[in-house]
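A look at the structure
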Amino acid sequence: MPSDSVADTARSARGLPSSNRWKKVLITGASSGIGEAFARQLAAEGSDLILVARGVEKLNEIAQELEQSHGVQVKVCEADLSAPVARAAIERLLADPELPIDLLINNAGFGTNGDFSELPIAREEQEVQVNVVAVLRLTSAALPAMLQRNSGAILNVGSIAGLYPAPGSATYCATKAFLCSFGDSLFEELRGTGVSMTTALPGFTSTEFQKRSNWEDQRSVPKAAWLTAAKVAADSLDGVSARKARVVPALGYRALVSATAPLPPSTRRWILGRGSRALR
Ligand SMILES: NC(=O)c1ccc[n+]([C@@H]2O[C@H](COP(=O)([O-])OP(=O)(O)OC[C@H]3O[C@@H](n4cnc5c(N)ncnc54)[C@H](OP(=O)(O)O)[C@@H]3O)[C@@H](O)[C@H]2O)c1
């Protein structure tokens, strides 16, 4: 087990009470980017982890490093979350009352870049499986056990793209819009229970995401718009601790969301149509 002083120092550095830490956390998509940043921050706070992704070698490396540096227990689960059989194994873990998981982070996801009519439909369908169906199923598996214990939290990593449907990422934006709506509904359903639901809506974040989404040239995005995975993870975890329904990491993105919220849908669509084409 971790030394309490290391864990408590990490928590107090973030202004959180030491008693508030999550004992066991399951993170999907923990092999890189934002998911890896969650793993690093939570291990430093003393949480035991279950890391899920396809890239098992990378997961094992991260697990070994975190166990050695923080004394936490880290279990690795290789799973393709687009595949029902692999997903079912993770669902069983989440539903197991003998293995209470305090925090589920549905982070795994990817995007596809291009006009919908030109993108292979099999990949779009896989995107819906990972970004939406896996979140739905893992949340459904985790909730009864959390409600029974009257404690727990779920964090879904959506995207600011969920608020701004845009050409060139029709499926991606739609999957993330699903998470915004799903998360808001569950937030209210869970009100008054000891269980909470938070949706994080990050903007552009420097990770493997862009390369994997086949978005090679990002020069049109101003440098100042890029967030680090560590910042997104830290703000999102603070949002979970504060039991917020939604978290938009970084002031600039919060200002953008506030400024654009009052615009009529047709105006937003027109601006986004032109803006997104300029970015591609
Ligand atoms: N980067 C951004 O600009 C940005 C902005 C807003 C929201 N987000 C969201 O943030 C989340 C994390 O993305 P990231 O930026 O950290 O990208 P990333 O570095 O590409 O990480 C994505 C993670 O998802 C996992 N994953 C992808 N497909 C999977 C599958 N079929 N089964 C299991 N795991 C799978 C990957 O692991 P394996 O490949 O090893 O399976 C990886 O660990 C995503 O939901 C993304 O939509 C990203």
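Look up a bit, the structure's there.
Quick look at the structure, then. Keep in mind the model is a prediction, meaning the values are calculated, not measured.

A word on the sheet that holds strand β2 (residues 48–53)
In space, the 7 strands of this open sheet follow the order β3-β2-β1-β4-β5-β6-β7, with parallel pairing throughout. Sheet topology places β3 (74–78) and β7 (246–247) at the edges, where each strand pairs with a single neighbour. Running over the sheet, helix α3 (residues 56–70) touches β2 and β3 and is turned about 175 degrees from β3.

Observations regarding the packing of helix α2 (residues 33–44) against helix α8 (residues 229–241)
Axis separation between α2 and α8 bottoms out at 8 Å; the angle between their running directions is 60 degrees. Comparing the axis directions of α2 and α8 gives the class oblique. α8 is crossed by α2, and the crossing has right-handed handedness. Contacts from Gly33, Ile34, Ala37, Phe38, Gln41 and Leu42 of α2 reach α8 at Ala229, Ala230, Val232, Ala233, Ala234, Ser236 and Leu237. Considering only residue class, the contact of α2 with α8 consists of 10 nonpolar, 3 polar and no charged.

Quick word on the environment of Gly109
You can see Gly109 is positioned in the loop between β4 (103–106) and α5 (121–149). A C-alpha to C-alpha distance of 20 Å links Gly109 and Gly239, two positions 130 residues apart in sequence. Sequence-distant contacts of Gly109, defined by excluding residues within four places in its chain, comprise Val130 and Asn131.

Describing α8
Compared with an ideal rise of 1.5 Å per residue, which puts 13 residues at 18 Å, α8 spans 18 Å between its outermost C-alpha atoms and is within 8% of the ideal. Most of α8 sits out of view: 10 of its 13 residues are buried. Within the sequence span of α8, burial applies to Ala229, Val232, Ala233, Ala234, Asp235, Ser236, Leu237, Gly239, Val240 and Ser241. Backbone geometry just after α8 places Arg243 at a positive phi near 55 degrees.

Details of the site of the ligand
Within the structure, the ligand sits among 31 residues, and Ser31, Arg54, Asn107, Tyr172 and Thr207 are positioned closest to it. Contact between the ligand and Gly29: an oxygen atom at 3.0 Å from a main-chain N or O atom of the residue. Tyr172 has a polar side-chain atom sitting 2.6 Å from an oxygen atom of the ligand. Computed on the free molecule, the ligand has an accessible area of 880 Å², of which 97% lies beneath the protein chains in the complex. Among the elements of the structure, α2, α6 (170–189) and α7 (209–212) are those that each provide at least two residues to the shell around the ligand. With 3 residues, α7 is the largest single contributor of residues to the shell around the ligand.

Quick notes on the rules
Residues numbered from 1 in each chain as written. Predicted model: local features only at pLDDT ≥ 70, side-chain atom pairs only at ≥ 80, totals over all residues. Heavy atoms only, no water. Pairing = 2+ DSSP bridges. Helix = DSSP H or I, 4+ residues; strand = E, 2+ residues; numbered from the N terminus. Contact = heavy atoms within 4.5 Å. Axes fitted to C-alpha atoms, helices over the stretch in contact; angles between N-to-C directions. Parallel < 35°, antiparallel > 145°, perpendicular 65-115°, else oblique. Left-handed = near helix turned anticlockwise from the far one by under 90°. Nonpolar A, V, L, I, M, F, W, Y, C, P; charged D, E, K, R; others polar. Expected span 1.5 Å × (residues − 1). Buried < 20%, exposed > 50% of the residue type's maximum accessible area, 1.4 Å probe, protein only. Near = heavy atom within 4 Å. Polar contact = N/O pair within 3.5 Å; in protein donor to acceptor, adjacent residues only side chain to side chain. Areas by Shrake-Rupley, 256 points an atom, 1.4 Å probe, with all protein chains shown as cover.

Keep in mind these values describe shape, not function.
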